[in-house]
Each structure stands twice: as C-alpha cells, then as structure tokens.
Amino acid sequence: QPEPDASFRTILAWADERRDIGVRANCDTPAEAAVAAGFEAEGIGLCRTEHMFFDKARLTVMREMIFADDPADRAAALKQLLPVQRSDFLEIFRIMAGKPVTIRLLDPPLHEFLPHDRQGKLDLAASLDLPMARVEARIEALSEVNPMLGLRGVRLGILVPEIYEMQARAIFEAAIGSAPRVTPEVMIPLVSSRREVEIVKARIEAVAAQVRTESGIEFDYRLGVMVETPRAALRADEIAEYASFLSFGTNDLTQMTYGLSRDDAGRFMSAYVAEGVFPEDPFLQLDVDGVGELLTMGANRARAARRDVTLSICGEHGGDPDSIAFCRHAGFDYVSCSPFRVPVARMAAAHLAIRARGETTTAPPRR
Ligand code: PEP
Ligand code: MG
C-alpha cells in the first residue's frame, strides 16, 4: 500500500490547512479505497459499480436477469446479487471509516454483460437452458449502433428499475450495518432531464422507506446527479431541485460537447493538435472555452436554484492542477480524482488558495 512518509505527510497537512476546495478520490474497489484512505482523501467522490458485476458468478446472475422477461423474475435474479453488492459497499465504507462515499448506480448498456462470440453464446444458451435462437435474438435486440449514446445510465435505470432498486437497497443496508455509520451518497449517471431524476428519486426513496421499516433503523442518504450531458448542464437549475449534489463528469461531457468519441479520439488527437487545430487534447486538458463554460453555467444555474447544492467534478480532469484552479474559481466544493493523484491535488489546491490570498509560498505556515 503506498503511504506517504512522515515529512510528506507534514507537507500535505500544511497544504490542507491552506486549501479551500475539497479533494476526494475515484475508487471502484476496496484496494483503490485503501490507496485513497492512505493518501487521506476526504472521501470517495465516484465509486463506479459496473466492475463489480464482471466476476464470473455475478455475470451469470446479470445474464439471468437480462434474459428474464418478467419484472418479478428480474428482481428475483438480482436478489441473488444483493448480499455481494452489500458486502462490496460495507467493505468500502469500512475502509473509508465514516468519510463520505458517493456510489454511482449502474451506468453501462446491458449488452456489455453479454457474450458476442459464438462459443460464448452457446455456453450462455446452455447455462440458461435456452434455445440458441432466443439468446441470439436478445443479444441482437440489445445491440445498438451507438451504445455510448443509447440505453445506458439513468435510461437503463428507468426502463429496468430492478437494477437500481437492488443497488439502492444494498447501499442502504450496508450503510446501516457499517461502523462508524455513514450517510451514503447515491449518484445517478447520464441524466439529461429533470424528470429522469424525479422518477428515480421516488423509487429510491421507496426503497429507503422499506429498509427503514424492515430494519427499524432511521438513516439518511444524499441523492446526486452526474452532469455529463450538455443538457444536464443547461438544465442544472431544474435538476438541482431534485438533487442535493451535482458532480460534473467531464469525460462524457467532453465527448458529448465535441461530439468526439472518448474511446477513439486518441487515434488522431496528437496529429490534430500538431496541426494546430486544437491547442490540447480536450480529454486531457479541460477545455475552458467550451466544456468549462458548461461547468460554470451549470454550477451557477444549480446554485441559483438551490443555494446549498454541493458541486464537484469527477472526470479525469479532476486531478489536473489547471482544472482544479478552474473548479475552485467556479465555486466547486471538491474535486474527485484518481487515488494516486490525491496528494498532487491537495498540494495544487493549497497553492491556489495561497496565491489567491496573496501570501508567500516560501514561509512555513504558522501552526
Ligand atoms: C465521466 O463521464 O466523466 C465519468 C466520470 O464517468 P465515466 O468515466 O465512468 O463515464
Ligand atoms: Mg460518464
């Protein structure tokens, strides 16, 4: 486990005394959470849950769920995943020891959980005891020309509600079972409209009410939204009425603002930059004139509608000092970055605060 040594810790502690923007980490696994805790991140700003479903046993259940036609059968299949999902979250809560943890509900399209080669399809047909034609038909029905712009994120959450219901239950049950107790933060991905949040919020609240009744334990949670479509930034005011926090996902937001595939842009971006067309690769350097405008505008609109809304960034840009400067200037509460970038982010944030106050960076801070 990487741990900063004593003098590095002292410098980071000085940085923390100075900085005025929070630093959390993006962690999907207990191992990443342990790195974040070692680097004293103030919490987890993004825990992506999709990786939790790719283990063989879990994948089998996901596939069973995908092939169930009836909502009750889907819920029954997903119920098998409830204990493992609960223990995923319990472990992360334990490592973060009461610090806030934001868990993002499932984001990818369902076809990512399905095999696409012939042998894989044959194995799946055998394991689910289904005719091959039925397996092929379902895979075909779920395939999309543009899956990144398709049935994923909140759209999937709305049309297959059993997934988010299972995840919300696992989050709440883990939160009430964890010591110290934690107020979990549940985040909805790929939102583009207020109504999506309203629908999912009502369903999640119903799950929370059930868990409170069954357990006899009162608990709170926070519900938030990822702002990663341009429309969510444009409508951040309406969305903030339903969300206590907004986290800007600049990976998808950059992709959608430019209409440029985040998965393929790397193939030609260096040539494009060399031609002098773009000053930088916008996936590496926050594009302050375009994507940055959406961040500022979204933040201002959200704050105007809900003064106490918590604002953050959780795309790859969150660990980059220039982006941290931008977010601080836009009044964000925290940045969330890869756990290994946490020390740099803490130092960069302190540097910005010191510069903004016109202090010298050479004198040691008064203790
Ligand atoms: C984003 O889109 O910026 C984000 C953080 O989510 P992901 O990278 O998982 O799409
Ligand atoms: Mg995203």
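Conventions we followed
- Residues numbered from 1 in each chain as written.
- Chains lettered and ligands numbered in written order.
- Predicted model: local features only at pLDDT ≥ 70, side-chain atom pairs only at ≥ 80, totals over all residues.
- Helix = DSSP H or I, 4+ residues; strand = E, 2+ residues; numbered from the N terminus.
- Rg over C-alpha atoms; globule rule 2.2 N^0.38 Å.
- Buried ≥ 20, exposed ≤ 12 C-beta atoms within 10 Å, placed from the backbone.
- Near = placed C-beta within 6 Å.
- Nonpolar A, V, L, I, M, F, W, Y, C, P; charged D, E, K, R; others polar.
- UniProt positions renumbered as here; feature names shortened; annotations may be inferred.
- Contact = placed C-beta atoms within 7 Å.
- Axes fitted to C-alpha atoms, helices over the stretch in contact; angles between N-to-C directions.
- Parallel < 35°, antiparallel > 145°, perpendicular 65-115°, else oblique.
- Arc of directions from axis to C-beta.
- Core = buried A, V, L, I, M, F, W, Y, C linked by C-beta atoms within 7 Å.
- Pairing = 2+ DSSP bridges.

Asker: Which residues make up the overall build of the chain, and what values do they have?
Answerer: In terms of regular secondary structure, the chain is built from 17 helices and eight strands. Against the 2.2 N^0.38 benchmark of 21 Å for 367 residues, the chain shows a C-alpha radius of gyration of 21 Å, consistent with a compact globule. Its C-alpha atoms put the chain at 75 × 60 × 40 Å along the principal axes. Taking all 367 residues of the chain together, 43% fall into the buried category.

Asker: Summarise the site of ligand 1; cite the residues concerned and give the values.
Answerer: Neighbouring residues of ligand 1: Leu-46, Arg-48, Asp-107, Glu-228, Gly-249, Thr-250, Asn-251, Asp-252, Cys-314 and Gly-315. Looking at the shell around ligand 1, the elements with two or more residues in it are β2 (44–48) and α13 (250–258). Among the elements that take part in the shell around ligand 1, α13 stands out by supplying three residues, more than any other. Partitioning the shell around ligand 1 into residue classes produces two nonpolar, four polar and four charged.

Asker: How would you summarise the UniProt feature "binding site: substrate" (unreviewed entry) in the chain if you had to cite specific residues and measurements?
Answerer: The feature "binding site: substrate" (unreviewed entry), as annotated in UniProt, sits at Arg-48, Arg-104, Glu-228, Gly-249, Thr-250, Asn-251 and Asp-252 in this numbering. Looking at where Arg-104 falls in the secondary structure, it is placed in strand β3 (residues 101–104). A residue is classified by how many C-beta atoms lie within 10 Å of it, and Arg-104, with 26 of them, is buried. Discounting chain neighbours no more than four positions away, the residues touching Arg-104 are Leu-46, Cys-47, Arg-48, Thr-49, Met-187, Pro-189 and Met-226. Checked against the element boundaries, Thr-250 lands in helix α13. Taking the C-beta count within 10 Å as the criterion, Thr-250 has 28 such neighbours and is therefore assigned buried.

Asker: With reference to specific residues and values, describe the packing of helix α3 (residues 56–66) against helix α4 (residues 71–79).
Answerer: The contact between α3 and α4 brings their axes to 8 Å, and the two run at 175 degrees. In this view, α3 runs roughly antiparallel relative to α4, as classed from their interaxial angle. Between α3 and α4, the residues in contact are Val-61, Glu-64 and Met-65 and Arg-74, Ala-77 and Leu-78, respectively. Its residues assigned to classes, the contact of α3 with α4 shows four nonpolar, no polar and two charged.

Asker: Got a sec to walk through α4? Specific residues and values, please.
Answerer: Those residues of α4 not exposed but buried are Arg-74, Ala-77 and Leu-78. An end-on view of α4 places all buried positions within 95 degrees of arc, on one side of the element. Structurally, α4 contributes buried residues whose contacts are with α3 and α9 (161–177).

Asker: Go over the environment of Asp-263, please, and point to the residues and values.
Answerer: Position of Asp-263 among the secondary structure elements: in the loop between α13 and α14 (266–274). By the C-beta count within 10 Å, which is 8 here, Asp-263 ends up exposed. The spatial distance from the C-alpha of Asp-263 to the C-alpha of Ala-137 is 27 Å, given a sequence separation of 126 residues.

Asker: Quick rundown of unusual backbone geometry? Include the residues and the values.
Answerer: Here the amide bond leading from Ala-179 into Pro-180 is cis, since omega sits at -5 degrees, within 30 degrees of zero. Here Pro-180 shows up in the loop between α9 and β4 (185–188). Of note, the phi angle at Leu-190 is positive, near 55 degrees, even though the residue is not glycine. Looking at where Leu-190 falls in the secondary structure, it is placed in the loop between β4 and α10 (194–215).

Asker: Describe the nonpolar core, with residues and values.
Answerer: Ranked by internal contacts, the top residues of the largest apolar core, which has 95 residues, are Ala-36, Ile-44, Val-225, Leu-246 and Val-335. With nine residues, the top contributor of residues to this core is α9. For Ala-36, the residues in contact, after removing those within four places along its chain, are Ala-25, Cys-27, Ala-41, Ile-44, Pro-339 and Val-342.

Asker: Describe the sheet that holds strand β7 (residues 310–313), listing the residues and the values that go with them.
Answerer: In space, the eight strands of this closed barrel follow the order β1-β2-β3-β4-β5-β6-β7-β8, with parallel pairing throughout. Here the strands of the sheet are splayed against their neighbours by 25 degrees on average, with no regard to which way each runs. Two elements, strand β5 (residues 222–227) and strand β6 (residues 245–248), share four bridges in a ladder whose sense is parallel. Bridge assignment links Val-225 to a residue of β6, and that residue is Leu-246.

Asker: I'd like to hear about α3, residue by residue, with values.
Answerer: Looking only at α3, the buried set comprises Met-62, Arg-63 and Met-65. What you see down the axis of α3 is that its buried residues fit within an arc of 155 degrees, all on one side. Opposite the buried face of α3, at more than 90 degrees from it, the exposed residues are Lys-56 and Ala-57. Next to the buried residues of α3 lie α4 and α6 (118–128).

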